[in-house]
Amino acid sequence: MRRKITVIATAAVFLLAAGIEESSRLRTFAAKPNAVEASCDGACLNRFVDQYLDAVVAHDPSGLPLKKTVKFTEDGQRLDVGDGFWRTATARGTYKYYMDDPVAGQVVFFGTMREAGNPVSLVLRLKIEEKQIAEIETIVVRTGMNSSRPADTGAESFEKLGGPDPLFLEEIPPAERVSRDELARTANKYFSGMQLNDGKGDYSFFADDCSRIENGQQATQGRNTMASGSAPANSYTVMQGCRAQFQSGLIHFVTRIRDRRFVVLDTVHGVALAFTFFDHAAGNTRTFQTPDGKTVTAGPTNPWTWEIAEAFKVENGKIRRILAIFQRCPYGMNSGWSSWEDGMSDKARW
Amino acid sequence: MRARLLIVCLCGSLLLTCVAISDRNALAADESCDRACLTGMVDQYLVAMVAHDPSKLPLAKDVKFTEDGVPLQLGDGLWATAGGLGTYKLYFAEPESDAVGAYAVVQENGSAAILALRLKVAKRRITEIETLVARKPTTSFLNTDNLTEPRPIFLETVPPADRPSRQEMVSMVGKYFDGIEQGNGDIVPFDPDCIRIENGIQTCPSSASSPLGALSCGAQLSTKIFTYIQSVSPRRFPVVDRERGLVLAVVRFNHPGTQQTVEVPGRGKMTMGRYSQWPNSTQIAELFKIKDRKIKEITAVIVTAAYKAPMGWE
């Protein structure tokens, strides 16, 4: 009898979990129907990435299953498939992280490559339709393009890391999975909290152990406390945690985070990935007040922008890990995938 | 009686027609923008920019503004950061097409930048604003130390009888870009003493101590050291100032990153410039002084861009 009750209870939990998941999926389908889910799962999407990168290194797109209307951008610029990095890539690197969204038919790959023998970091987004590549979006971080670290593309740092933080690869227990909308909304709090950051927001969306890696380098301390010493008066520091950096109010110089496109919403792993731009207007926003009343002048002295792909691991409504690849680009640049109005808007889209 | 009435009617309608034509001429005179008007627009623009206040400008409703090839809201970009102007201002105008251009040194939060500006005017209102801003972080080389006054040759007036047509002037400049693509200085109508200054730095003739040695502008091209610039495209010539013998070309140099070395006769295998190392482009506003049907002097503002990044006006 006791065993029977246990079986019934287990079945009920399973059904409940399945119901939650199914309900979540139905909501997702209602929000963005996509016919490819059944035809191209995560493994299928990843194969497209490998096939694409092998073709890039061979400088030969002719064998790729490309849609007739395929669109390709590199660093925000529309190019013919076969141009740009296609002509200069010489090998694949060792760092590989695939982020799949079969519902949207999209995959984003963070990895390392070689260009004329030099290590570069790559972001690749493919959109697959009817088992053909419909969209190709890339960011190639090359030596000299990142002025804050002119000799560092991040690739060597990524390869030292070996791969993404294992947390990114862990599945969220089915009962704890959230909808695509909720996943995007949580990740978007990061952008909203950083834009014109004043230190006064509710930053409880950061998990206590949140940490961030940018272009292969640790950008936060693992804990949301100062590890040692004190922060400089006018700059946040990598010695702070995710939340402490935001609470400092010192990221005010990021004046606009725009064109927030959430292109991967992986509810199974709790991973959201957005392409976006961080603008630094560098005008009168350089002078601001921190929460403790200090007047600070900080940040870039001329207008420029980061072109960014940023991944978030979200668990229980909190951000635990952040992983970003980015490079400098002209101020106000468009992604090549948005209207001018959407490209300038700070509204998130998915 | 009937004939008299007809004559009165004809005179009346003729008078009305004459009044209408006269009104139109008066209107046209009011709406045209001569050289002084065009350069005055540049002055107004620079003053408004430093004041961070575009409302001071006579703008057309659908005015378009780009900075470094990116369409922006007027008031954004350099408008938010320009803190003052240097003494260097070089203006050129083409009243026939309501176009004017300028180079100016601008202070931006303590650093000097070079602004290349192009305005298009219609009915005395600004319809197009195109800017390139050479700043230290966006270009690999920049030196404003010597940019205190325009070089006098750019201010010289060409006698009316000696002025080539617009088409001839554009053709001569086009050959310069062809010469870069082909690595052939011989096809370019260079004056033997031609000087080129890029972002405030003289780049030809090169000095004896440079890796190329002392070479004229034409001889430099013929070494093929610049053939990593696979194409100069698109090319636009928005301001041709025949009175001063000046052509403004706004172009993009495309560097696919596929060729990094070249065999230079007498010097062996040489590594090309840093822009040869990966796919990238440069967006350039380049001003040519043409004298005696030769390219006498060149000055350019150059900004690094992503490979084949649109310039916003294609």
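Residues numbered from 1 in each chain as written. Chains lettered and ligands numbered in written order. Predicted model: local features only at pLDDT ≥ 70, side-chain atom pairs only at ≥ 80, totals over all residues. Heavy atoms only, no water.

1. Overview of the overall build of chain A
Rules: Helix numbering and strand numbering both begin at the N terminus, where a helix is a DSSP run of H or I of at least 4 residues and a strand a DSSP run of E of at least 2. Whether two residues are in contact is decided by their heavy atoms: any pair within 4.5 Å suffices. Per-residue and other accessible areas follow the Shrake-Rupley method at a 1.4 Å probe size, with only the shown protein chains counted as cover for residues.
Along chain A, the regular secondary structure elements total 8 helices and 15 strands. In chain A, once contacts between residues fewer than 6 apart in sequence are set aside, the share between residues at least 24 apart is 66%. Split by element, the accessible area of chain A, about 14500 Å² in all, is 53% carbon and sulfur.

2. Some words on the overall build of chain B
Cut-off, in case you're wondering: Summary of the burial criterion: residues with accessible area below 20% of their type's maximum are buried, those above 50% are exposed, and those between are partly exposed, where the area comes from a 1.4 Å probe applied to protein chains only.
When helices and strands are counted, chain B shows 5 helices and 14 strands. Put simply, chain B has 314 residues, and 52% of those count as buried. Pairs at least 24 residues apart make up 66% of the contacts formed inside chain B by residues separated by at least 6 positions. Roughly 13900 Å² of accessible area belongs to chain B as shown, and the carbon and sulfur atoms make up 55% of that amount.

3. Description of the sheet that holds strand 13 (residues 304-315) of chain A
Residues and elements named next belong to chain A. Using the following cut-off: Only strands that DSSP links by at least two bridges are regarded as paired with each other. Every axis corresponds to a line fitted to the C-alpha atoms, with the helix fit spanning only the stretch in contact, and the corresponding angles, defined between N-to-C directions, vary from 0 to 180 degrees.
As summarised here, the arrangement of the 7 strands in space is 8-7-14-13-10-9-15, forming an open sheet in which the pairing is mixed. Only two strands of the sheet have a single partner each, and these edge strands are strand 8 (217-218) and strand 15 (348-349). Note that strand 7 (residues 206-214) and strand 8 share 2 bridges and pair antiparallel. Among the inter-strand pairings, Glu214 is bridged to a residue of strand 8, identified as Gln217. Contacts from helix 6 (residues 180-194) reach strand 7, strand 9 (256-266), strand 10 (271-280), strand 13, strand 14 (318-329) and strand 15 within the one sheet, and its direction differs from that of strand 9 by about 155°.

4. Details of the pairing of strand 5 (residues 118-129) of chain A
Residues and elements named next belong to chain A. Of all 12 residues that make up strand 5, 10 are buried, and the element is covered over most of its length. Bridging between strand 4 (residues 106-115) and strand 5 involves 10 bridges; their strand directions are antiparallel. Following the sheet pairing, Val107 is matched in strand 5 by Leu126. Where strand 4 folds back on strand 5, the antiparallel hairpin that results is connected by 2 residues, among which Ala116 adopts a positive phi of roughly 50°. Taken together, the 9 bridges between strand 5 and strand 6 (residues 132-141) define a ladder with antiparallel strand orientation. Bridge pairing in strand 6 places Ser121 opposite Val141. Here strand 5 folds back onto strand 6, and the loop between the two strands holds 2 residues, one of which, Glu130, carries a positive phi near 50°.

5. Notes on the nonpolar core
Residues and elements named next belong to chain B. To keep things clear, this is the line we draw: To qualify as a nonpolar core, a set must consist of buried Ala, Val, Leu, Ile, Met, Phe, Trp, Tyr and Cys residues joined through side-chain atoms within 4.5 Å.
Counting residues in hydrophobic clusters, the biggest one holds 37 residues, and the most contacted among them are Tyr45, Met49 and Leu119. Elements with a contribution of two residues or more to this core: helix 2 (35-50), helix 3 (78-81), strand 3 (82-94), strand 4 (99-108), strand 5 (111-122) and strand 6 (125-134). Looking at this core element by element, the count peaks at 8 residues for helix 2. Discounting residues that sit within four places of it in the chain, Leu119 has contacts with Met41, Val42, Tyr45, Asp98, Ala99, Val100, Ile126, Glu128 and Ile129. Membership of the second largest hydrophobic core comes to 36 residues, among which are Met169, Phe177, Cys194 and Val240.

6. Let's talk about the pairing of strand 3 of chain B
Residue and element names in this part refer to chain B. Across 9 bridges, strand 3 lies against strand 4 in antiparallel orientation. Residue pairing in the sheet places Gly84 in a bridge with Gln107 of strand 4. With antiparallel pairing between neighbouring strands as the criterion, strand 3 and strand 4 make up a hairpin whose turn holds 4 residues, including Asp98 at a positive phi of roughly 55°.

7. Some points on helix 2 of chain B
Residue and element names in this part refer to chain B. Inclusion rule: Expected helix span is given by 1.5 Å per residue-to-residue step, counting one fewer step than there are residues.
Relative to the 22 Å expected for 16 residues at 1.5 Å per residue, helix 2 spans 23 Å between its end C-alpha atoms, a close match to the ideal helical length. Every buried residue of helix 2 is listed here: Arg35, Cys37, Leu38, Thr39, Met41, Val42, Tyr45, Leu46, Ala48 and Met49. Count one or two residues on from helix 2 and you reach His52, which has phi positive near 55°.

8. Digging into the environment of Gln73 of chain B
Following the sequence through the fold, Gln73 of chain B ends up in the loop between strand 2 (70-71) and helix 3. Taking the C-alpha atoms as reference points, Gln73 of chain B and Thr144 of chain B, separated by 71 residues in sequence, lie 28 Å from one another. Excluding its chain neighbours within four sequence positions, the residues that come into contact with Gln73 of chain B are Trp340 of chain A together with Phe65 of chain B.

9. Observations concerning the domain arrangement of chain A
It is common to report an interface's size as the accessible area lost on association of the parts. Residues and elements named next belong to chain A. We apply this condition: Residue ranges assigned to the domains are those given by an automatic or database domain assignment. Throughout, the accessible surface (probe 1.4 Å) given up by two parts as they are put together, summed over both, is called the buried area. Salt bridges are counted wherever a side-chain nitrogen of Lys or Arg sits within 4 Å of a carboxyl oxygen of Asp or Glu. Polar contacts, as used here, are pairs of N or O atoms within 3.5 Å; protein pairs need one atom able to donate a hydrogen and one able to accept it. Residues neighboring in sequence count only if both atoms are side-chain atoms. For this classification, Asp, Glu, Lys and Arg are treated as charged, while Ala, Val, Leu, Ile, Met, Phe, Trp, Tyr, Cys and Pro are nonpolar and the rest, including Gly, are polar.
Each assigned domain of chain A is listed here: domain 1 (2-30 + 169-349) and domain 2 (37-163). The interface of domain 1 with domain 2 comprises 35 residues on the first partner and 37 residues on the second. Buried area between domain 1 and domain 2, summed over both chains or domains, comes out near 2900 Å², and the portion from carbon and sulfur atoms is 61%. The tally of links from domain 1 across to domain 2 stands at 2 salt bridges. Glu137 is the partner of Arg261 in a salt bridge, and the nearest nitrogen-oxygen pair spans 2.6 Å. Taken together, the connections running from domain 1 to domain 2 amount to 8 residue pairs in polar contact (both at pLDDT 80 or more). At the level of secondary structure, the elements contributing two or more residues to the side of domain 1 that touches domain 2 comprise helix 1 (2-31), strand 7, strand 9, strand 10, strand 13 and strand 14. Residue classes in the side of domain 1 that touches domain 2 are distributed as 19 nonpolar, 8 polar and 8 charged.

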